[in-house]
Amino acid sequence: MAAVLHGDVGVTLDVDITPASDEANLDRLARALHSLHARIRAEGVPDGLPFDCSREFLHNLGPDAVLNLTTRAGDLDLAFVPVGTKGFDDLRRDAVAIEVSGTRVLVASLADVIRSKGAADREKDRQALPRLRRLAERRR
């Protein structure tokens, strides 16, 4: 979604977030996930699988853990340390504030999106990278 908010024409069906891992933020995140009726996405389980979306659960996830969730607002992927990054503080350094439906949201910079997609090296990312690099060039 960050790439789209920066002007990419690619199609995305989910939102990826990298939360700060301090206890206060984990409390807020747990409450938000609960209010969104978050469930773990699983093939063959359209409504997803229930999980303990508590601060304690989130705190105990390893830094490499990724939660692929389904919510009443759509799909959400949560990664504390996305591939190619060092996590929230790393991404926050160059993040840009973008207003989305009246709410100010910090979004990873286009350069950081490109860095992460390059490190992930998935087929869909390899296809998107030339387009994202052209977008970055046009913005310079």
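Just so it is clear, the model here is predicted, and its values are computed rather than measured.

Structurally, the position occupied by Leu 110 is in helix α5 (residues 110-120). Remark: the alpha-carbon pair of Leu 110 and Ala 136, spanning 26 residues in sequence, is separated by 6.9 Å.

Pairing is mixed across the open sheet formed by 5 strands, whose spatial order is β1-β5-β4-β2-β3. Both edges of this open sheet fall to β1 (14-17) and β3 (45-49), since each of them pairs with a single strand only. Along the sheet, successive strands turn relative to each other by an average axial angle of 40°, direction set aside.

Moving on, we get to the side chain of Asp 90. If you trace the backbone, Asp 90 turns up in helix α4 (residues 88-93). We classify Asp 90 as buried; its relative accessible area is 8%. Within the structure, the side chain of Asp 90 is placed 2.9 Å from the side chain of Arg 93, a separation counted as a polar contact. Ignoring any residue separated from it by four or fewer positions in sequence, one finds Asp 90 in contact with Thr 85, Asp 112 and Arg 115.

A cluster of nonpolar side chains, Met 1, Val 4, Leu 5, Val 15, Val 100 and Val 105, forms an exposed patch at the surface whose accessible area comes to about 360 Å². Counting through the fold element by element, Met 1 comes out in the segment before α1 (2-5). Given the relative accessible area of 36%, Met 1 is considered partly exposed.

In this model, helix α6 (residues 123-139) (17 residues) spans 25 Å end to end at C-alpha, consistent with the 24 Å of a helix rising 1.5 Å per residue. Maximum bend of α6: about 35°, positioned at Leu 129, with proline Pro 130 one to four residues after it. Of all the residues in α6, the buried ones are Asp 125, Ala 128, Leu 129, Leu 132, Leu 135 and Ala 136. In the core, the buried residues of α6 are packed alongside α1 and α5.

Among the nonpolar cores identified, the biggest contains 14 residues, and Leu 33, Phe 51, Leu 58, Leu 67, Leu 69, Leu 78 and Phe 80 are the most heavily contacted of them. Broken down by secondary-structure element, the contributors of at least two residues to this core are α2 (23-35), β4 (66-71) and β5 (74-79). The element contributing the most residues to this core is α2, with 4 residues. Once residues within four sequence positions are removed from consideration, Phe 80 is found in contact with Thr 18, Pro 19, Ala 20, Ser 21, Leu 26, Leu 58, Leu 61, Pro 63, Ala 65, Gly 87 and Phe 88. In terms of nonpolar packing, the next biggest core, distinct from the first, is built from 12 residues, Ala 3, Val 107, Leu 110 and Ala 136 among them.

Where α5 meets α6, the closest approach of the two axes is 10 Å, and the angle between their N-to-C directions is 155°. One element, α5, and the other, α6, form an angle in the roughly antiparallel class. As for how α5 packs across α6, the hand of that crossing is left-handed. Here Leu 110, Val 113, Ile 114, Lys 117, Gly 118 and Ala 120 of α5 lie close against α6, whose contacting residues are Asp 125, Leu 129, Leu 132, Arg 133, Leu 135, Ala 136 and Arg 139. Classifying every residue of the contact of α5 with α6 gives 8 nonpolar, 1 polar and 4 charged.

Rules behind the numbers
- For every chain, the first residue of its written sequence is number 1, and the numbers climb from 1 along that sequence.
- Per-residue local features of the predicted model are confined to residues with pLDDT of at least 70, and side-chain atom pairs are confined, for both listing and counting, to 80 or more; whole-chain, interface and lining totals are unaffected and use all residues.
- Computation of side-chain values covers all heavy atoms of the structure but excludes hydrogens and water.
- A run of H or I in DSSP counts as a helix once it spans at least four residues, and a run of E counts as a strand once it spans at least two, with each numbered from the N terminus.
- Here, strands pair whenever DSSP counts at least two bridges between them.
- Between N-to-C directions, angles span 0 to 180 degrees; the directions come from axes that are lines fitted to C-alpha atoms, helices contributing only their stretch in contact.
- Buried residues are those whose accessible area, probed at 1.4 Å on protein chains only, stays under 20% of the maximum for their type, while exposed residues exceed 50% and partly exposed ones sit between those limits.
- By the criterion applied in these results, polar contacts are pairs of N or O atoms within 3.5 Å in which, for protein atoms, one can donate a hydrogen and the other can accept it, and in which residues neighboring in sequence qualify only through two side-chain atoms.
- Here, residues are in contact when the closest pair of their heavy atoms is within 4.5 Å.
- What goes into a patch is any residue over 30% in relative accessible area without a salt bridge, connected to like charges within 9 Å or, for nonpolar side chains (Val, Leu, Ile, Met, Phe, Trp, Tyr), within 5 Å.
- Here, Shrake-Rupley sampling with a 1.4 Å probe gives the accessible areas, and only protein chains in the shown set may cover a residue.
- The rule for a salt bridge is simple: a side-chain nitrogen of Lys or Arg has to be within 4 Å of a carboxyl oxygen of Asp or Glu.
- By definition here, a helix of n residues has an expected span of 1.5 Å times n minus one.
- Across the chain, bend at a residue is computed as the angle between axes fitted to the seven residues ending at that point and the seven starting from it.
- Nine residue types can take part in a nonpolar core, namely buried Ala, Val, Leu, Ile, Met, Phe, Trp, Tyr and Cys, and a core is a set of them joined through side-chain atoms within 4.5 Å.
- Each angle gets one of four labels, with under 35 degrees taken as roughly parallel, over 145 as roughly antiparallel, 65 to 115 as roughly perpendicular, and the rest as oblique.
- If you view the pair so one helix is near and one far, a crossing is left-handed when the near helix is turned anticlockwise from the far one by less than a right angle, and right-handed when it is turned clockwise.
- Side-chain classes are defined by residue name, with Ala, Val, Leu, Ile, Met, Phe, Trp, Tyr, Cys and Pro counting as nonpolar, Asp, Glu, Lys and Arg as charged, and the others, Gly among them, as polar.

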